[in-house]
Amino acid sequence: CESTLTRGEQVDTLTLAHQFEVSFDITLKEEAPQYQNLFHLGEAPSPRLASAFIPAGTTQLEFRVASVGDPNNECRASPPVSLELGKEYSVRLQVIDGHAYGFLDGSPLCSVELAGGIALGADEQPLYASSPFMAASDACLRKLSFVNGPTKAPTNSPTKSPTKAPTGSPTESPTKSPTS
């Protein structure tokens, strides 16, 4: 484990755009005895601009994203998806075109409409590997990264055939089989 989460560990200060993406790899060590935080973007406990949690008594992933119309939009898989303890997962939260999309190992996990668009807050915002406002999850967090700016809206359907000559750049639509 490269980085066990510690409450309130600020890893960056960011200028936020209306479209952004936060990604990381996570390995849970135990079920959450209380609501626990994985990452927190913003300078206040609420409205947080974006965050990821493990709800109490579960190993499930939940995202929260603040919008102009609702400071606490919840994005959670339905039906719930439990993460296996000790297994590493790639997690991504994408905010684009007034929606938040959550992904687990590249597959869509959840989506939520952001009423009135994303709430941006101040020009610069702190990014925490675990919020200073609540307990850190007992987990290993790796490769926490933030990308600002336009990203392509996700799709739930694969392309009809694999890419014949991969470019190394993402495609507009995911594929189910390798492209090389």
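Before reading further, recall that the structure is shown in the block above.
Cut-offs and rules
Residues numbered from 1 in each chain as written. Predicted model: local features only at pLDDT ≥ 70, side-chain atom pairs only at ≥ 80, totals over all residues. Heavy atoms only, no water. Disulfide = S-S within 2.5 Å. Helix = DSSP H or I, 4+ residues; strand = E, 2+ residues; numbered from the N terminus. Buried < 20%, exposed > 50% of the residue type's maximum accessible area, 1.4 Å probe, protein only. Pairing = 2+ DSSP bridges. Axes fitted to C-alpha atoms, helices over the stretch in contact; angles between N-to-C directions. Polar contact = N/O pair within 3.5 Å; in protein donor to acceptor, adjacent residues only side chain to side chain. Contact = heavy atoms within 4.5 Å.

Student: Whenever I open this one, the state of the cysteines confuses me. Can you help?
Tutor: Note on terminology: disulfide describes a covalent bond linking the sulfur atoms of two cysteines. According to the stated counting rule, one finds 1 disulfide in the structure shown. Across a sulfur-sulfur distance of 2.1 Å, Cys75 and Cys110 are joined as a disulfide pair. Between Cys75 and Cys110, the S-S dihedral sits near 115 degrees, and the bridge is therefore right-handed. Residue Cys75 is found in strand 6 (residues 73–76), and its partner Cys110 is found in strand 9 (residues 107–113); the two are separated by 35 residues along the sequence.

Student: How should the pairing of strand 4 (residues 50–54) be read in this particular structure?
Tutor: Walk down a regular strand and you will see the side chains alternate between the two sheet faces. Burial of strand 4 is extensive: 5 of the 5 residues sit out of reach of the surface. Residues Ala50, Ala52 and Ile54 point to one face of strand 4 and Ser51 and Phe53 to the other, with burial holding for every one of them. Pairing between strand 3 (residues 36–41) and strand 4: 5 bridges, direction antiparallel. Bridging across to strand 4, Leu41 finds its partner in Ala50. Here strand 4 runs beside strand 5 (residues 62–65); their pairing, made up of 4 bridges, is antiparallel. Considered in strand 5, the bridge of Ser51 is made with Arg64.

Student: Help me understand the sheet that holds strand 7 (residues 88–96), please; the structure alone is not making it clear to me.
Tutor: Read across the sheet, 5 strands follow the order 9-8-7-2-11 without closing on themselves; strand pairing throughout is antiparallel. Bordering the open sheet on either side are strand 9 and strand 11 (139–148), each of which pairs with just one other strand. Within this sheet the neighbouring strands show an average axis-to-axis angle of 15 degrees, counted without direction. Pairing analysis gives 8 bridges linking strand 2 (residues 20–28) to strand 11, with the strands arranged antiparallel. Bridged to Val22 within strand 11 is Phe146.

Student: Quick question: what am I supposed to make of the side chain of Ser67 here?
Tutor: Tracing the chain through its elements places Ser67 in the loop between strand 5 and strand 6. Here Ser67 falls in the buried class, since its relative accessible area comes to 4%. Among the polar contacts made by the side chain of Ser67, one reaches the main-chain carbonyl oxygen of Ala115 at a distance of 3.1 Å. Residues in contact with Ser67, not counting those within four places in the same chain, are Asn73, Leu114, Ala115, Gly117, Ile118 and Ala119.

Student: Help me out: how do you make sense of the pairing of strand 5 in this one?
Tutor: Residue alternation in strand 5 divides its side chains into two sets, Glu62 and Arg64 and Phe63 and Val65, and both sets are buried. In the sheet, strand 5 pairs with strand 6 via 4 bridges, with the strands oriented antiparallel. Note that in strand 6 the partner of Phe63 across the bridge is Cys75.

Student: Looking at this model, I keep getting lost on the side chain of Glu62. Mind explaining?
Tutor: Relative to the assigned elements, Glu62 resides in strand 5. In contact with Glu62, other than residues within four places in its own chain, are Tyr35, Ser51, Ala52, Phe53, Pro55, Glu74, Cys75 and Arg76.

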